[in-house]
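Chain and residue survey
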Amino acid sequence: MGKTLFDKIWDQHVVEKIENGPSVLYIDKHFIHEVTSPQAFKGIEQRGLNLFRPKQTIATADHNVPTLNQHLPIKDELSKMQVDQLIDNCDKHGVELYGLGHPYQGIVHVIGPELGITQPGMTIVCGDSHTSTHGAFGAIAFGIGTSEVEMVFASQCVLQTKPKTMRINIEGELQPGVVSKDIILYIIAKISASGATGYFVEYAGSTIRSLSMEARMTICNMSIEMGARGGMIAPDEQTFAYMQGRAYAPKGTQWDNQLEVWKKLYSDNNAVFDKEINIDAWAIQPMITYGTNPGLGMAINANIPLSDTILDEGERKNLIKALQYMGLEEGKPLIGMPIQHVFIGSCTNSRIEDLRQVAALVKGKKKHDSVKVMIVPGSQQVAKQAHAEGLDHIFAEAGFQIRQAGCSACLGMNEDKIPAGTYCISTSNRNFEGRQGAGARTLLASPLTAAAAAITGVVTDIREMMNEKL
Amino acid sequence: MKALQKIQSRFVPLPMENIDTDQIIPARFLKATTRDGFGQNLFRDWRYEQDDTAKPKTDFVLNQAIYSGEILVAGKNFGCGSSREHAAWAILDYGFYAVVSSFFADIFKNNALNNGVLPVTVSDAFLQKIFQQASTATLSIDVDKQTITIDATGEQESFELNPYKKTCLLNGYDDIDFLLSRKDTIEKFEKELI
Ligand code: SF4
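Residues numbered from 1 in each chain as written. Chains lettered and ligands numbered in written order. Predicted model: local features only at pLDDT ≥ 70, side-chain atom pairs only at ≥ 80, totals over all residues. Heavy atoms only, no water.

What follows covers the sheet that holds strand β3 (residues 29-32) of chain A. Residue and element names in this part refer to chain A. Reading across the sheet, the five strands line up as β5-β4-β3-β6-β7 and stay open at both edges, with parallel pairing between neighbours. Two strands lie at the open edges of the sheet, namely β5 (96-98) and β7 (140-143), each paired on one side alone. For this sheet, the mean inter-axis angle between neighbouring strands, taken without regard to orientation, is 20°. Pairing analysis gives three bridges linking β3 to strand β4 (residues 57-60), with the strands arranged parallel. Residue F31 lies in a different strand from β4, and its bridge partner there is I58. This element, helix α5 (residues 146-155), spans β3, β4 and β6 (123-126) of the sheet and lies at about 130° to β3. (Pairing = 2+ DSSP bridges. Helix = DSSP H or I, 4+ residues; strand = E, 2+ residues; numbered from the N terminus. Axes fitted to C-alpha atoms, helices over the stretch in contact; angles between N-to-C directions. Contact = heavy atoms within 4.5 Å.)

Here it is in C-alpha cells:
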C-alpha cells in the first residue's frame, strides 16, 4: 500500500513509539510568540534546563502588540511586560527574535513562510492553533499548548498520538468573485466546526493546484476551524518558485539537493485515507458567516437557515443562541444589511495578494461614511511591499485606516477592538462571541467581500459590484 | 502536576455545544506571564454584566449557589478554537479536576491532560442523563478503572484514556520528565536524520 504525504513526513520524524501510548515526534522548527511562551520559559528554568536546540526556535511579537506608533513604548502595562519578557527570554536563551521594530516582525504565520523558514517535509509547531497555515508548503504543522512548548524547549520533541488522515479533493474552476477564503468557509459550513476533529487534512485536486501559495495558506490556516489537527498541500513547482531566494531558503547546490527531496513529497496513487471528501469548485459562491462559530456560514445571497429545519436538538439550540448574540433573524438574508466596521487583516488574509485584491477593488473609490475600515498588514515586509506598490495611497484615499503589523482586531487583545453590538465584516478566521471585543458581532468573509462592504456600507455580493465595473 | 485517582463530587452543568476557548478565557486576560489566577476570569463574559465583577449575571451557573463541585459537565465539542492552554489553567484554577462532555476538541484535550484535568468523553445519551440529575446529585470518576458513575442511579459508563496518559495522571508525572529521560535517543535520532 502506498503512503500518504502525511505518513511520509510523520514516519520520518518519529524518534520512538511508546507502547500503548503516543509517539515521540521530532520537531524541525518551533515558532514562539509573547502570549503562550512565558510560562514555558519559566517552566524549563524551574527545572534548571537550557533550551535543547535554541537555533531551531524563532520568535516574534504579534498577538499583544499595538498596531499604531510601534516605535513608542507600549502603553498598556501588562502588554509591555509580556513583550519585554519575550525579549529577555530570547536573549537569555539564545533565540532569534524578530520583535517590534525589526524589519522581519509580523504575525508568526505570515513571517515563517515569507522568510523561507517554513519548508516542505518539515515538522513545525507553535503555541498557536493557526500553525496549520504552514502546511500549505507540504509540512506537518500544528498548534500546541504551552506545556508542549515547554516540551519542545526541553527536548525538541512533542508527544503526539498519530491522527487519522482525511483528503479533501476540490476539482474544477472557480466562479468569478470566488477566492480561496470562500473555498474554506464553504468546506467548514459543509462539514461543521467539528467535522474534521481527530484528522489531519490534505487538500488536493485541480482547484488547489491552480491556487497561488498565499491562497493555499488561507485554506490551510482555517483547517483548525473544522476541528482538524492541521491541513497540508503537497509541494509543487508553485511552492518551489515561491520559496527560491527567500532569506532562510537553501542556496546553490543545497537548494538543488533539497529540491530532489521535496519533489518526492506527495501522497502515493494507491495511498488510502481514513476519509475522503469531494468538492465541486463551481458550486462554491462567495461566502459569509452569520453565527458564532465558523461552521455557521452560507452563500452570501442565501437566507439564514430556519431553526426548525435543523433536526439535531443541540445544533438547533446552538443556532438560536448564536442568532440571538448576533442580533440576526432566521430565514432572513444578510445582503443589504448595514455594517459598521471592516477589518482586513489576520494570519488568514493579510498578505500582499490580499492587499492587492482589495486595492484593485477600491482604487478610486471611497469607503461609505458610516463604516470604519481597518487594514492591518500581516508583517513589516508586507507593509513595505504595499508601500512600494503604492497600495497604501489607494487605501488612504479610500479612507481606510492603515495600521502596523500584528494580530490586531483578530483577537482584540490590544486596543484594536470592535465595539459591543456593532457588526464587523472581518477577513480573520474566528467569529466566536466576543472574539473581536466584548459584544462584537463578526461576519467572516473574503477580502473581496470585506472591501465591497467597505464601499457600500452594507453586506454586498461582490459579483454585482464586478458586473457594474464592466 | 498533582496525581489524580478518583473524584466524587457534585457537578456544574453547562449544556451548551461548541464552547470555545475564547469563552472559557477571553483573550484580554491572556496577558499574565504565570499560570496562576486565571480561575477568576473563567467564563468571564458569561459570568459578569459588562465585565463588572460587582454585577454577576444571576442566570449563569457559576453564579448559582445550587451548583458546585469539582466536575464541569458541558455540551458537545468542548474547548474548540484557540489552542490557549490558559483555558485548561483557568478550569483547574477555578477548582475543576474533570470536564465531562460527549466530544472534546483535540488541543484542549491534550492541554487538559497535561495539567492534570481529566477530560471524560461519554455518550450523548449518558450526557443527557447527567444533565437531568438534580443539582445535588454526585458523580464518581475512577481514573484507574476508567469509569464514570451517576451515584444516585448507579448508571455507569466507561471512557477512553490512553494508557500512557493514565499512568501519568495516576502518578502525577508529566511528559517533560519522560522526554528528558529520552535525550540520548533523541540525539542519536538527530544524527541519523541529517
Ligand atoms: S492573526 Fe488571529 S488567528 Fe492569526 S495568529 Fe494572530 S490571533 Fe491567531
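Here is the key point about a regular strand: its side chains alternate between the two faces of the sheet. Residues and elements named next belong to chain A. A two-sided burial pattern is seen for β7, the buried positions comprising I140 and F142 on one face and A141 and G143 on the other. One ladder, built from four bridges, connects β6 with β7; its direction is parallel. Its bridge partner being in β7, T123 is matched across the sheet by I140. (Buried < 20%, exposed > 50% of the residue type's maximum accessible area, 1.4 Å probe, protein only.)

A few words now on the environment of G406 of chain A. All names here are of chain A. Checked against the element boundaries, G406 lands in the loop between β17 (401-402) and β18 (423-426). For G406 and C347, which are 59 residues apart along the polypeptide, the C-alpha to C-alpha distance reads 9.0 Å. Not counting chain neighbours up to four residues away, the residues in contact with G406 comprise D62, V65, T67, I107, V376 and P377.

With that settled, the discussion passes to the site of the ligand. Around the ligand sit H63, I107, H109, D128, H130, S346, C347, C407, C410, L411, N429 and R435 of chain A, and those are all the residues in its vicinity. Class assignment of the residues belonging to the shell around the ligand gives a composition of five nonpolar, five polar and two charged. (Near = heavy atom within 4 Å. Nonpolar A, V, L, I, M, F, W, Y, C, P; charged D, E, K, R; others polar.)

To continue, consider the packing of helix α12 (residues 352-362) of chain A against helix α15 (residues 447-456) of chain A. Residues and elements named next belong to chain A. The N-to-C vectors of α12 and α15 enclose an angle of 35°; their axes lie 9 Å apart at closest approach. Relative to α15, the crossing made by α12 is right-handed. In contact with D354, Q357, V358, L361 and V362 of α12, α15 contributes P447, L448, A451, A452 and I455. Of the residues in the contact of α12 with α15, the class split is eight nonpolar, one polar and one charged. (Left-handed = near helix turned anticlockwise from the far one by under 90°.)

With respect to the helices and strands, the residue S79 of chain A is situated in helix α3 (residues 77-93). Here S79 of chain A is in contact with N64 and I74 of chain A together with K31 of chain B, once residues within four sequence places are set aside.

Below, the discussion takes up the interface of chain B and chain A. Each side of the interface is counted separately: chain B has 52 residues, and chain A has 66 residues. Taking both partners together, chain B and chain A bury about 4800 Å²; carbon and sulfur atoms supply 57% of that area. Put simply, chain B and chain A have eight salt bridges between them. At the junction of chain B with chain A, the criterion picks out 25 residue pairs in polar contact (both at pLDDT 80 or more). Looking at the side of chain B that touches chain A, the elements with two or more residues in it are α1 (21-24), α2 (44-47), α3 (86-94), α4 (106-113), α6 (163-171), α7 (175-180) and α8 (183-193) of chain B. In terms of residue class, the side of chain B that touches chain A is made up of 19 nonpolar, 15 polar and 18 charged. (Buried area = accessible area lost by both parts, 1.4 Å probe. Salt bridge = Lys/Arg side-chain N within 4 Å of Asp/Glu carboxyl O. Polar contact = N/O pair within 3.5 Å; in protein donor to acceptor, adjacent residues only side chain to side chain.)

In this section: the pairing of β18 of chain A. Residue and element names in this part refer to chain A. By the alternation rule, side chains of β18 split into Y423 and I425 and C424 and S426, which are all buried. Summarising the sheet, strand β15 (residues 341-344) and β18 pair through three bridges and their orientation is parallel. Residue H341 lies in a different strand from β18, and its bridge partner there is C424. Where β18 and strand β19 (residues 441-444) come together, four bridges link them in parallel fashion. The residue bridging Y423 from the neighbouring strand is R441, located in β19.

This paragraph deals with the sheet that holds strand β10 (residues 199-204) of chain A. All names here are of chain A. Read from one edge to the other, the open sheet built from four strands follows the order β11-β10-β9-β12, with strand pairing classed as parallel. If you trace the sheet from one side to the other, it starts and ends with β11 (230-232) and β12 (275-280), each paired once. Strand-to-strand twist of the sheet, defined as the mean angle between neighbouring strand axes without regard to direction, takes the value 20°. Across the sheet, helix α1 (residues 5-13) lies against β9 (164-171), β10 and β11, angled at about 110° from β11, the strand it touches most.

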